[in-house]
Amino acid sequence: MRLRRRVVTLLMLAGLALAACGTGGGQQQTSSSGPKHGDTLRVAIGIDPDTLDPAAQTTTTAGQIVDMMAETLVTLDTKGALKPLLATSWTTGSDGLSWTFTLRQGVKFTDGTPMNAQAVKFSIDRLLDPNTFKAVPGVLGGKTGIDHVVAVDDTHVQFFLHTKFAPFAAAMTQTNAAIISPASVNAAPNTPAKIVQPVGTGPYKFQDRVAGDHITMAANKDYWGTKANYDTQTYKIVPEAASREALVKSGGADVIALPPANDIPSMQADSSLKVILGPSDRTIQIVINTQDATQPLLQKPEVRQALNYAIDKNAIIKNVMFGTAVPLSGPMSTSLFGYCPTGSYGYDPAKAKQMLQSAGAAGMSVKLAAPTGRYTQDIQVANAVAGYLRDAGLKVDGPATADWPTYLSTYANVPLAQSKIDLHLLGWAPAYLDAQQQFLQWYSTQMPPAGLETSYYKNPQLDSMIEQASSSTDPAQRSQIYCSAAKIVWNDAPWIFLYNQKYPYVTTSKVTNVPGLPNEKFVTTWASPA
Amino acid sequence: MLTYLVRRVLVAIPTVFGVATVVFFLRTLLPGDPAIIIAGPQATPEAIANIRRQLGLDQPLWQQYLSFLGGLVHGDLGISTRTGQPVIQEIATRAPYTAQLAVASLVLAVLVGVTLGVLAATRRSTVGDLGISSGAVFGVSMPVYWLGLMLIVVFAVRFRVLPAAGTDQGLASLVLPTVTLALFSMGLVTRQTRSAMLEVLGQDFVRTARAKGAGRRAVLIRHALRNALLPIVTTIGLQFGILLGGAVLTESIFAWPGVGRLLVDSIGSRDYPVVQGVVLLLSVAFITINIVTDLIYAYVDPRIRYS
């Protein structure tokens, strides 16, 4: 009797366990075979795109998805150089204010309507229209951007700018300048103000979306260029990095963005995975308040230089970033037009101490802040920085931290008079690969609230160099101005220059051809089974 | 009974109204400007001002509050500032996922919890009781986040019998998030059932039932468990609220597109209309469950009569 009872109990427990686990059997993915031509490529990303409307794009991951469906006139190659896409060539008028693009002929949108100069004008006008929901024209709009667009004939379109703007073609690589079918804005669920399902000329077209879960795109069989290898691509939304890692390890995804940084070394050792440290144009820095009233010693360039010598960037990259960054050799990423090496602040604690001593800054107090969860290992890096600064004899209060929206409004994006922090960690990723975008960080017109020049750095000489480089139409001259300007910034040290981060993503060994662009996009469009 | 129900519903209305008001004004304590977040770091002040105008954030707070209340009366919760979609629609696409997860977890927690609790009570102070009680403590004390990841590592990565995350594998996708979310409640229900049963099993009427020769199963289920149900039902009712709250973490770990994650995403992007909508929905759900629990009391214990 007693035995029988025990058996019954055991059976009940086993039944419960089976009930919990048993439903999976039939539908399990066979991960051992890997994807084949014609299959679906499954990509796991961390963020759920707020919108797929090209005009409202602000994040690279959402932009990467939109890029697959809607194409721009100009694009980037893997080195970051400009490459024709829907435009085959472009010229700028002698006044530097007008730009003419020649369009590729015979290209159709995925709704069958022709891509022509009228469609380009329509798309850009829509981007500039204040009634387009959440449209962010950036440099293409405003008082300095596009004044008006003229469709000259079917294959030529002219842009007239308010002011001379040398990197205009580079700025046209941004996803928000993508060309969409004019007819599609009236096709439900789209409206002229808001596009939910973009219709462009891309290698893929929109298939379906479940908010928070996935976005699926189907290959465009009539694509004008190299056709895609996978019939469909599904971007799954998986917010936790550890869950994305589990997905790619268990065969539930073929490509994942941003694995947990601390697991990268072990994933690199796993032969069934390929960890790609994609390029990025994002610099990570400790921004110094150069007009600091609470710690006026930071107004001295030699004190700021000393802080640069006090930090062992290589050790931080190795031990905190797990190798996913390179130290800066100038105040910007090497992929930007206008980059030139300016030197390096090697780790030299003795020199740092001596410089602080002679500047009367030995033992000074500073307040440090960093966001949590905005950049790879952000608060961890800030803690390491605080440690080095303490080693240099500073009294460091912090790092104080907050989530990104709170951080932005409390520490970073505040006018000088309200600033309550001496040092803060920030990343900066140019929207397109031109030094003009990086120098917004030291252009005094960009101090909050106008922009995000949060070092409050003010140098009239630099300001005029920035303006000159932006309006010059001679690339050689621009490049040379940026190089001299970079040296000024490097020596004045409004930042503790930390590193240029990489953008890690992982594919299974059964997928190839997923290149990374220097703007943190990893292009799955032409991915191919290995 | 009906009068009671009507009274409870009427009392619930000002509660929901109060929640709506508190949630609306909590935003003033939350730093961060939605227009700046939406516009991105490179935005010009004009672009930010334009977005603020589009979202109605340029209106005075009291005016925003009045239009929020006005909309609420008409069942309109406004437009999500993140996606531009109606909040009702945002919630409607997400709520079924959370409901599915919460109900599955509750069913699992109750079935397993009550069964184990009864088993433990009838085997008081044996190895089995010790095992079940320890398991219950384990369930109550494991952090959801750690537990979820461990289950993923074992069942998805190591043995590859269940998907790691997502919803694309049908019922199989539901298993790990359900177990993760259920374990805490399962532990509580087990402990509650065990102690309620122990109390009842020691009472005279159970001895009487045994003495008159009722079968072991009849004694346990018809006499003991029925009388122990009241505190168990209370625990279960409370669990439902805890499950809805626990869904926030579970949904993030398992990439489950429910309202918990919608809430997290919305707070992260300062999408006030959606935050308000989700909190309202959760409070209405909680109030409803409380009323239902009270009604179940009357069914379980015929001595309780509402009027």
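Note that the coordinates shown come from a computational prediction; the quantities given were computed from them, not determined experimentally.

Enquirer: Quick one: what's the story with the overall build of chain B, residue by residue and with numbers?
Expert: When its secondary structure is counted, chain B shows 12 helices and zero strands. Overall, chain B shows an N-to-C arrangement of helices and strands of α-α-α-α-α-α-α-α-α-α-α-α. Taken across its 307 residues, chain B has 50% of its residues classed as buried. At a minimum sequence separation of 6, the contacts of chain B that also span at least 24 residues come to 74%. Side-chain charges of chain B comprise 24 positive and 14 negative groups, with the mean position of each set lying 16 Å from the other.

Enquirer: For the interface of chain A and chain B, give the residues involved together with the corresponding values.
Expert: Each side of the interface is counted separately: chain A has 60 residues, and chain B has 60 residues. Between chain A and chain B lies a buried interface of about 4,800 Å² when both sides are counted; carbon and sulfur atoms form 56% of it. Across the contact surface, chain A and chain B share five salt bridges. For Arg 94 of chain B, the salt bridge goes to Asp 48 of chain A, with nearest N and O atoms at 3.5 Å. Connecting chain A to chain B are 17 residue pairs in polar contact (both at pLDDT 80 or more).

Enquirer: Which residues make up the sheet that holds strand S5 (residues 98-103) of chain A, and what are the values?
Expert: Residue and element names in this part refer to chain A. Sheet architecture is open: four strands sit in the order S4-S5-S7-S6, paired in antiparallel fashion. Only two strands of the sheet have a single partner each, and these edge strands are strand S4 (87-92) and strand S6 (146-153). On average, each strand axis in the sheet is inclined to that of its neighbour by 20°, with strand direction left out of account. Pairing of S5 with strand S7 (residues 156-161) involves five bridges; the strand directions are antiparallel. Note on S7: the bridge partner recorded for Thr 100 is Gln 158. Across the sheet, helix H3 (residues 117-128) is in contact with S5, S6 and S7; its angle to S6 comes to roughly 165°.

Enquirer: Break down the packing of helix H10 (residues 216-253) of chain B against helix H12 (residues 272-300) of chain B for me, citing the residues and quoting the values.
Expert: All names here are of chain B. Orientation of H10 relative to H12, taken along the N-to-C sense of each, is 175°, at an axis distance of 10 Å. The angle between H10 and H12 falls in the class roughly antiparallel. Each of Arg 226, Leu 229, Leu 230, Val 233, Thr 234, Gly 237, Phe 240, Gly 241 and Leu 244 in H10 lies in contact with H12, whose residues at this interface are Leu 282, Ala 285, Phe 286, Ile 289, Thr 293, Ile 296, Tyr 297 and Val 300. Considered class by class, the residues forming the contact of H10 with H12 number 12 nonpolar, four polar and one charged.

Enquirer: A description of the nonpolar core should follow, citing residues and the corresponding values.
Expert: The biggest cluster of nonpolar side chains holds 82 residues, and the ones touching the most others in it are Leu 307, Met 364, Leu 425, Phe 439 and Leu 498 of chain A. In terms of residue count, the dominant contributor to this core is helix H10 (residues 378-391) of chain A (eight residues). Residues within four places of Met 364 of chain A in sequence aside, it is in contact with Gln 295, Leu 297, Leu 298, Val 303, Leu 307, Leu 356, Leu 394 and Lys 395 of chain A. Counting 38 residues, the second largest nonpolar core, distinct from the first, contains Ala 253 and Ile 256 of chain A together with Ala 109 and Leu 176 of chain B.

Enquirer: Give a detailed account of the environment of Thr 163 of chain A, specifying residues and quantitative values.
Expert: All names here are of chain A. You can see Thr 163 is positioned in the loop between S7 and helix H4 (168-171). Residue classification places Thr 163 among the partly exposed residues on the basis of a relative accessible area of 34%. Separated by 67 residues in the primary sequence, Thr 163 and Gly 96 place their C-alpha atoms 8.1 Å from one another. Apart from the residues lying within four places of it in its own chain, the contact partners of Thr 163 are Leu 97 and Thr 144. A polar contact is formed between the side chain of Thr 163 and the backbone oxygen of Thr 144, at a distance of 3.2 Å.

Enquirer: Run through the domain arrangement of chain B, naming residues and quoting values.
Expert: Residues and elements named next belong to chain B. The assigned domain composition of chain B is domain 1 (2-73) and domain 2 (88-300). Inter-centroid distance (C-alpha atoms) of domain 1 to domain 2 is 32 Å. Taken together, the contact pairs 19 residues of domain 1 with 14 residues of domain 2. For the pair domain 1 and domain 2, the summed buried surface comes to about 1,500 Å²; carbon and sulfur atoms form 75% of the total. At the boundary of domain 1 and domain 2, one finds one salt bridge. As a salt-bridge pair, Arg 8 and Asp 294 come within 2.3 Å of each other at their nearest N and O atoms. When residues of the side of domain 1 that touches domain 2 are traced back to their parent elements, those giving at least two are helix H1 (2-26), helix H2 (34-39) and helix H4 (61-73). At 11 residues, the largest contribution of residues to the side of domain 1 that touches domain 2 is made by H1. Class assignment of the residues belonging to the side of domain 1 that touches domain 2 gives a composition of 15 nonpolar, two polar and two charged.

Enquirer: Let's hear about the pattern of salt bridges: which residues, and what values?
Expert: In the structure shown here, the tally under the stated rule is 19 salt bridges over all chains. Note that Asp 254 of chain A and Arg 42 of chain A form a salt bridge whose closest N and O atoms lie 3.0 Å from each other. Separated by 212 residues along the polypeptide, Asp 254 of chain A in the loop between helix H5 (241-250) and strand S11 (255-257) and Arg 42 of chain A in strand S1 (residues 40-45) bring together distant segments of the chain. You'll find Asp 254 of chain A and Arg 42 of chain A in the same group, each marked buried. A single network of salt bridges, built from pairs that share partners, joins Asp 48 and Arg 209 of chain A together with Arg 82 and Arg 94 of chain B.

Enquirer: Would you mind going over the packing of aromatic side chains in detail, with residue names and values included?
Expert: Enumeration according to the criterion identifies 25 aromatic pairs over all chains in this entry. On the basis of an interplanar angle of 85° and a centroid distance of 6.0 Å, the ring pair of Tyr 97 of chain B and Trp 256 of chain B is categorised as edge-to-face. Within this pair, whereas Tyr 97 of chain B is found in helix H5 (residues 87-122), its partner Trp 256 of chain B is found in the loop between H10 and helix H11 (259-268), the two being separated by 159 residues in sequence. Of the two residues, Tyr 97 of chain B and Trp 256 of chain B, neither departs from the other in class, the shared state being buried. Ring-pair connections join several aromatic residues into one group, and the members of that group are Tyr 309, Tyr 345, Phe 439, Trp 442, Tyr 482, Trp 490, Trp 495 and Phe 497 of chain A. For the cation-ring pair, Arg 374 of chain A lies above Trp 404 of chain A, with the distance from its terminal atom to the ring centre recorded as 4.0 Å.

Enquirer: Can you explain the sheet that holds strand S15 (residues 365-371) of chain A? Please cite residues and give values.
Expert: Each strand in a sheet pairs with its neighbour through backbone hydrogen bonds, running either in the same direction (parallel) or in the opposite one (antiparallel). Residue and element names in this part refer to chain A. Taken in spatial order, the six strands make up an open sheet running S14-S18-S13-S17-S15-S16, and their pairing is mixed. Of all the strands in the sheet, just strand S14 (325-327) and strand S16 (395-402) have a single pairing partner and so form its edges. Sheet twist, expressed as the mean angle between neighbouring strand axes with direction ignored, is 30°. Bridge count between strand S13 (residues 283-288) and strand S18 (residues 495-501): five bridges; the pairing is antiparallel. Bridge assignment links Thr 283 to a residue of S18, and that residue is Asn 500. Lying over the sheet, helix H11 (residues 404-412) contacts S15, S16 and strand S17 (423-428), oriented at roughly 125° with respect to S17.

Enquirer: So what's going on with the state of the cysteines? Residues and values would help.
Expert: Residues and elements named next belong to chain A. Applying the stated criterion to the full structure yields one disulfide over all chains. With its sulfur 1.9 Å from that of its partner, Cys 340 forms a disulfide with Cys 483. Across the disulfide from Cys 340 to Cys 483, rotation about the S-S bond amounts to roughly 90°, and the bridge is consequently right-handed. Of the two residues, Cys 340 is situated in the loop between S14 and helix H9 (349-358) and Cys 483 in helix H14 (residues 475-492); the sequence distance between them amounts to 143 residues. Overall, Cys 340 belongs to the buried group, its relative accessible area being 10%.

Enquirer: A description of H9 of chain A should follow, citing residues and the corresponding values.
Expert: Residues and elements named next belong to chain A. Looking only at H9, the buried set comprises Ala 352, Met 355 and Leu 356. The arc that holds every buried residue of H9, seen down its axis, measures 100°, which confines them to one face. In this structure, H9 carries Ala 350, Gln 357 and Ser 358 as exposed residues pointing more than 90 degrees from its buried face. Contacts from the buried residues of H9 go to helix H7 (301-310). One or two steps after H9, the chain reaches Gly 360, where phi turns positive at roughly 75°.

Enquirer: So what about the environment of Gln 441 of chain A? Which residues, and what values?
Expert: All names here are of chain A. With respect to the helices and strands, the residue Gln 441 is situated in the loop between helix H12 (435-438) and helix H13 (460-471). Distance from Gln 441 to Ser 455, taken between C-alpha atoms, is 7.9 Å for residues 14 residues apart in sequence. Not counting residues within four places of it along the chain, the set of residues in contact with Gln 441 comprises Leu 426, Trp 428, Leu 452, Glu 453, Ser 455 and Trp 495. Among the polar contacts made by the side chain of Gln 441, one reaches the main-chain carbonyl oxygen of Leu 452 at a distance of 2.9 Å.

Reading the values: rules and limits
- Residues numbered from 1 in each chain as written.
- Chains lettered and ligands numbered in written order.
- Predicted model: local features only at pLDDT ≥ 70, side-chain atom pairs only at ≥ 80, totals over all residues.
- Heavy atoms only, no water.
- Helix = DSSP H or I, 4+ residues; strand = E, 2+ residues; numbered from the N terminus.
- Buried < 20%, exposed > 50% of the residue type's maximum accessible area, 1.4 Å probe, protein only.
- Contact = heavy atoms within 4.5 Å.
- Lys, Arg positive; Asp, Glu negative; His and termini not counted.
- Charge placed at Lys NZ, Arg CZ, Asp CG, Glu CD.
- Buried area = accessible area lost by both parts, 1.4 Å probe.
- Salt bridge = Lys/Arg side-chain N within 4 Å of Asp/Glu carboxyl O.
- Polar contact = N/O pair within 3.5 Å; in protein donor to acceptor, adjacent residues only side chain to side chain.
- Pairing = 2+ DSSP bridges.
- Axes fitted to C-alpha atoms, helices over the stretch in contact; angles between N-to-C directions.
- Parallel < 35°, antiparallel > 145°, perpendicular 65-115°, else oblique.
- Nonpolar A, V, L, I, M, F, W, Y, C, P; charged D, E, K, R; others polar.
- Core = buried A, V, L, I, M, F, W, Y, C linked by side-chain atoms within 4.5 Å.
- Domains from an automatic or database assignment.
- Phe/Tyr/Trp six-rings, centres within 6.5 Å; stacked < 30°, edge-to-face > 60°.
- Lys NZ or Arg CZ within 6 Å of the ring centre and 35° of its normal.
- Disulfide = S-S within 2.5 Å.
- Arc of directions from axis to C-beta.

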